[in-house]
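# Secondary and tertiary structure notes
Read off the chains here:
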Amino acid sequence: MHDLDTKRLGALPTTIGKITRLAYARAQAAGIELGPLLKKAGLTKQQIESLGTRLSVHRQISFLNLTASALQDAFLGFHLAQPPDLRELGLLYYVPASSEILGEALRRVTRYSSMANESLSLEYLEGKDIRIAFNYVGVARHLDRHQVEFCLTALIRLCRKLTGCRVEPSRVRFIHRCAGNFSEFAAFLGGNIEFGATVDEVAFAAPIGHIPVVSADPYLNKLLIANCEEALSRRPTKQSPFRSVVENAIAPLLPHGNAQVSEIARQLGLSQRTFARRLTSESLTFSEILNNLRCDLATQYLADHALSVSQIAWLLGYQEVSAFTNAFKRWTGKTPREARAQPQLS
């Protein structure tokens, strides 16, 4: 890796790269030529084969998207999370596995998950039910699908492994939309699954928090927690790039037509003047971020043939299809229907 890349990686969220390496092995077994995929994602074979090397989360997401397309597997993240031995997660397995009850185990997972992937900040929320929310840090949420589906699938597998019970969520919600049949995913979850939601979260009935963990070991748990806390204290706090913060605030508001400067600034707790200064300091404009986000989402939505062009226009916050068509042609040089007709889009 070049010195410049090393410096940039220090400022961007990183991951242990488990999902990337699983995707690499899956593509290799399928006979996919990996060189072009790695190059396009900004990765090298050496990085993949060096198991201790942390990877850029941005590059992991890019490689997963490219591999899913090459394999024609819309649920690559879900499928990759099925075969691995959960012990390969290291401390993220052994800390919850030595906890006394499942609720305590889940609290530990949410606290220490950032050690494995700095772009995911998990929240444990307890009330009428138990909810775990997946929040993105330093990464634009709209670019990802496979990473978050992998993490949620692994979390459900972990709950079942620790308790010896078929723990099923009462509700699963993903921000990204789903193209295609997701019956296999729904059957695995055994619960209500929603795509195109405003949050990424999984909810369980409150009593599951009291289910005993079959491998509980309080002495080992105390030792491992001490190790995790020390490791966590040594990790630098990474500030999320302002662009991804703004993108993640805009995306849920697009279908409602509320993605206005004043509303985004309010959601971020900033005055419009401070918001404008933050954008200027990173050589950004609000319209540039909004248009790039809309273009990325439009490309994703056009690959879902269940969505009409008029529905896509609404999802992107356009009141008229003609306004969306003109904007898309300005971004890409093609109309939405012309772009959809291209085989590589799907």
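Numbers given for residues are sequential positions, taken from 1 along each chain in its written order. Where local features are concerned, this predicted model is filtered to residues with pLDDT of at least 70; where side-chain atom pairs are given and counted, the filter is 80 or more; whole-chain, interface and lining totals use all residues. The side-chain numbers reported here are obtained from all heavy atoms of the structure, hydrogens and water having been left aside.

### Let's talk about the environment of P13
Strands here mean DSSP runs of E at least two residues long; helices mean DSSP runs of H or I at least four residues long; both are numbered from the N terminus. Mapped onto the elements, P13 comes out in the loop between α1 (3-11) and β1 (14-15). Between the C-alpha atom of P13 and that of L162, which follows or precedes it by 149 residues, the distance is 29 Å.

### Some points on the pairing of strand β7 (residues 201-205)
Each residue gets one of three labels from its accessible area relative to the maximum for its type: buried under 20%, exposed over 50%, partly exposed in between, using a 1.4 Å probe on protein chains only. Burial of β7 is extensive: four of the five residues sit out of reach of the surface. Examined bridge by bridge, strand β4 (residues 129-136) and β7 share five bridges and lie antiparallel to one another. Along β7, the bridge assignment pairs A133 with E201. Should DSSP find at least two bridges between two strands, the strands are taken to pair.

### Some details on the sheet that holds strand β5 (residues 171-173)
A sheet is described by the order of its strands in space; here five strands give the open sequence β3-β4-β7-β5-β6, paired in mixed fashion. Each edge of the open sheet carries a strand with a single partner, namely β3 (120-126) and β6 (192-194). Averaged over neighbouring strand pairs, the angle between their axes works out to 10 degrees when direction is ignored. Two elements, β5 and β7, share three bridges in a ladder whose sense is antiparallel. In the sheet register, R171 faces β7, and the bridge partner there is A203. The contact definition used throughout considers only heavy atoms, calling two residues in contact when any of these lie within 4.5 Å. In this description, a line fitted to the C-alpha atoms serves as the axis of each element, helices being fitted only across the stretch in contact, and the angle between N-to-C directions of two axes falls anywhere from 0 to 180 degrees. Running at roughly 150 degrees to β3, helix α8 (residues 102-112) makes contact with β3 and β4 of the sheet.

### Topic: the pattern of salt bridges
One speaks of a salt bridge when a side-chain nitrogen belonging to Lys or Arg is within 4 Å of a carboxyl oxygen belonging to Asp or Glu. For the coordinates displayed, the defined rule picks out 18 salt bridges. Taking the shortest distance from any N to any O, the salt bridge between E201 and R171 comes out at 3.3 Å. Taken together, the residues E201 in strand β7 and R171 in strand β5 connect sequence positions 30 residues apart. For R171, a relative accessible area of 24% corresponds to the partly exposed category. Measuring nitrogen to oxygen at the nearest pair gives 3.6 Å for the salt bridge that ties R243 to E247. Of this pair, R243 and E247 both sit in helix α12 (residues 242-250), four residues apart, which is roughly one turn of the helix.

### Some points on the side chain of D304
Assignment of secondary structure puts D304 in the loop between α15 (286-302) and α16 (309-315). Two residue types count as positive, namely Lys and Arg, and two as negative, namely Asp and Glu; His and chain ends fall outside the count. The buried charged residue D304 lacks any salt bridge, with R177 as its nearest oppositely charged partner at 4.8 Å. Any pair of N or O atoms that falls within 3.5 Å is considered a polar contact. Within protein, one atom must be able to donate a hydrogen and the other to accept it, and sequence-neighbouring residues count only if both atoms are side-chain atoms. One polar contact links the side chain of D304 to the main-chain amide nitrogen of A306, over a distance of 3.0 Å. Apart from the residues lying within four places of it in its own chain, the contact partners of D304 are C178, A179 and R340.

### As for the environment of A313
Turning to its location among the elements, A313 is positioned in helix α16. A sequence separation of 10 residues divides A313 from A323, and the C-alpha atoms of the two residues are 8.2 Å apart.

### A short note on the environment of L189
Position of L189 among the secondary structure elements: in helix α10 (residues 183-189). Separated by 166 residues in sequence, L189 and A23 place their C-alpha atoms 22 Å apart. Beyond its immediate sequence surroundings of up to four residues, L189 is in contact with L152, I156, R160, E168, P169 and V172.

### Quick word on the packing of aromatic side chains
The rule is short: rings of Phe, Tyr and Trp, with Trp giving its six-membered ring, pair when the centres are within 6.5 Å, and they are stacked under 30 degrees, edge-to-face over 60, tilted in between. Counted by the stated rule, this structure contains 12 aromatic pairs. Taking 6.2 Å as the distance between ring centres and 65 degrees as the angle between the ring planes, the aromatic pair formed by F275 and F286 counts as edge-to-face. Here F275, found in helix α14 (residues 272-281), pairs with F286, found in helix α15; they are 11 residues apart in sequence, far enough to count as distant. Here the two residues F275 and F286 agree in accessibility, since each one is buried. Between F328 and W331 the ring centres are 6.4 Å apart and the planes differ by 70 degrees, which places this aromatic pair in the edge-to-face class. With F328 and W331 both in helix α17 (residues 321-332), this residue pair falls three residues apart, about one helical turn. In this structure F328 comes out as buried when scored by relative accessible area, which is 3%. The exposure class of W331 is partly exposed, given its relative accessible area of 22%.

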